[in-house]
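The lines below spell out each chain.
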Amino acid sequence: MRWADDTLIALNQRALPLKEEYLSLKSVDEVVEAIGVLTVRGAPLIGIAAAYGLCLTTNLGDDALFADSCRRFIDIRPTAVNLRWAVERMAGFRTRNLRCDNLRELMIEEARRTHAEDAEMCVRIGESGNSIVPEHCRILTHCNAGALATGGIGTALGIIYTAHFSGKRVEVWVDETRPVLQGARLTAWELSKAGVPYKLISDSMVGHLMAQGRIDLVITGADRVAANLDYANKIGTYSLAVLAKYHGIPFYAAAPSSTFDPACPNGKSIVIEQRPENEIRYVGQSQVAPSDAPVYNPAFDVTPHELVTGIITEKGILRP
Ligand code: MRU
């Protein structure tokens, strides 16, 4: 993602891995839509997109209009707290600079800083997480918490890249992550590009692999971490945590401080986003269920802190 000529240029993640296509987003409507349909996705990246997107508000001096843009970004995906975090940061910055003639330029600089700081946090998460990765390690990750999901090298994948490029023998198990296949489409694409050894599996294979002793460590990303370290992440994360506990496998989440919500006491208070029914009835473009099959499609689940070995942040590792 980058900003150029009053436009947010974003890789279209819906088209991956078949096509590498960049979209030019020129209005608040277009950025909100891109976040809603997962063209741009991943908790830190949607926060960064919202920060840039707010700069596209037609009249930044108009309080009501700006508040409307803020509300639309916060509401579009309710689980990832990074959206609210970025909107509050930009809104506070705007208030402090409201009287400046060059408000738009200043806001764009602040959005760029938000982006650059996220990249820096990814590097530090990679470094602190590398300390828990043994010299030879078979790591399971879920969904995509990589460069595609952040402003930098990623959180969970940032740790994997750091371990791999520091010379450790890292092998990654990538689960597909139904319904929209972020593992198969995005994490596999990223790891292929980086030359990190991995194998793709279906979500249903994880228990079998753990029972065979072929997974040493699990690292996922996070969308919101509550004050007691319960955390929301892509649907399926909780099942992996239960399996890891049963098999005695260390289970970590990786997240920057922008993903922490200290006002949220525990996982029960986290709102879970519901996604369109056709994400379940279809795999990609292919329909795999009756058109009228009743569907339930929560995008995230909550993993209670009892199942979490630690949360790896840019400031070190938190243990519940
Ligand atoms: O629905 P998505 O693809 O935005 O969900 C992404 C995840 O659940 C990631 O694990 C999380 O946002 C962390 S990304 C560093």
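None of the values given here were measured: they were computed from a predicted structure.

### Topic: the nonpolar core
Val 31, Phe 73 and Met 107 are the most contacted members of the largest nonpolar core, which has 36 residues in total. Those elements that provide at least two residues to this core are strand 2 (7-11), helix 1 (28-36), helix 2 (43-54), helix 3 (63-76), helix 4 (82-97) and helix 5 (103-130). When residues of this core are assigned to their parent elements, the largest contribution, nine residues, is made by helix 2. The contacts of Met 107, once residues within four sequence positions are left out, are Cys 55, Leu 60, Phe 66, Met 90, Phe 93 and Arg 94.

### Details of the domain arrangement of the chain
Annotation of the chain at the domain level lists domain 1 (2-122) and domain 2 (128-318). Computed over C-alpha atoms, the centres of domain 1 and domain 2 are 24 Å apart. Each partner contributes to the interface: domain 1 provides 28 residues, whereas domain 2 provides 34 residues. Counting each side, the surface lost to burial between domain 1 and domain 2 is near 2,600 Å², with a carbon and sulfur contribution of 55%. Our count for the domain 1 to domain 2 interface comes out at three salt bridges.

### Topic: the sheet that holds strand 1 (residues 2-4)
Across the sheet, which stays open at both edges, the three strands sit in the order 1-2-3 with antiparallel pairing between neighbours. Only two strands of the sheet have a single partner each, and these edge strands are strand 1 and strand 3 (22-25). Within this sheet the neighbouring strands show an average axis-to-axis angle of 30°, counted without direction. Of the strand pairs in this sheet, strand 1 and strand 2 are connected by three bridges, and their pairing is antiparallel. The residue of strand 2 that forms the bridge with Arg 2 is Ile 9.

### Re the site of the ligand
Lining the immediate environment of the ligand, one finds 18 residues, of which Arg 41, Arg 77, Gln 182, Asn 233 and Lys 234 sit closest. A distance of 3.0 Å is found between an oxygen atom of the ligand and a backbone nitrogen or oxygen belonging to Gly 42. In the environment of the ligand, an oxygen atom lies 2.6 Å from a nitrogen or oxygen atom belonging to the side chain of Asn 233. Considering the ligand on its own, with 420 Å² of exposed area, one finds that the protein chains cover 99% of that surface. A class-by-class count of the residues in the shell around the ligand yields seven nonpolar, seven polar and four charged. Both of domain 1 (2-122) and domain 2 (128-318) provide at least three residues apiece to the shell around the ligand.

### Overview of the pattern of salt bridges
Where charged atoms from two side chains of opposite charge come close, those side chains can pair. Here the structure, examined in full by the defined rule, presents 18 salt bridges. The residue Lys 193 makes a salt bridge to Glu 20 at a minimum N-O spacing of 3.1 Å. Of this pair, Lys 193 sits in helix 7 (residues 182-194) while Glu 20 sits in the loop between strand 2 and strand 3; the two residues are 173 residues apart in sequence, bridging distant segments of the chain. Of the charged contacts, one joins Glu 279 and Arg 275 as a salt bridge, the two residues approaching to 3.0 Å between their closest N and O atoms. Both residues of the pair, Glu 279 and Arg 275, belong to the buried class. One continuous salt-bridge network, built from bridges that share partners, spans Arg 77, Glu 273, Arg 275 and Glu 279.

About the thresholds
Residues numbered from 1 in each chain as written. Predicted model: local features only at pLDDT ≥ 70, side-chain atom pairs only at ≥ 80, totals over all residues. Heavy atoms only, no water. Core = buried A, V, L, I, M, F, W, Y, C linked by side-chain atoms within 4.5 Å. Buried < 20%, exposed > 50% of the residue type's maximum accessible area, 1.4 Å probe, protein only. Helix = DSSP H or I, 4+ residues; strand = E, 2+ residues; numbered from the N terminus. Contact = heavy atoms within 4.5 Å. Domains from an automatic or database assignment. Buried area = accessible area lost by both parts, 1.4 Å probe. Salt bridge = Lys/Arg side-chain N within 4 Å of Asp/Glu carboxyl O. Pairing = 2+ DSSP bridges. Axes fitted to C-alpha atoms, helices over the stretch in contact; angles between N-to-C directions. Near = heavy atom within 4 Å. Polar contact = N/O pair within 3.5 Å; in protein donor to acceptor, adjacent residues only side chain to side chain. Areas by Shrake-Rupley, 256 points an atom, 1.4 Å probe, with all protein chains shown as cover. Nonpolar A, V, L, I, M, F, W, Y, C, P; charged D, E, K, R; others polar.

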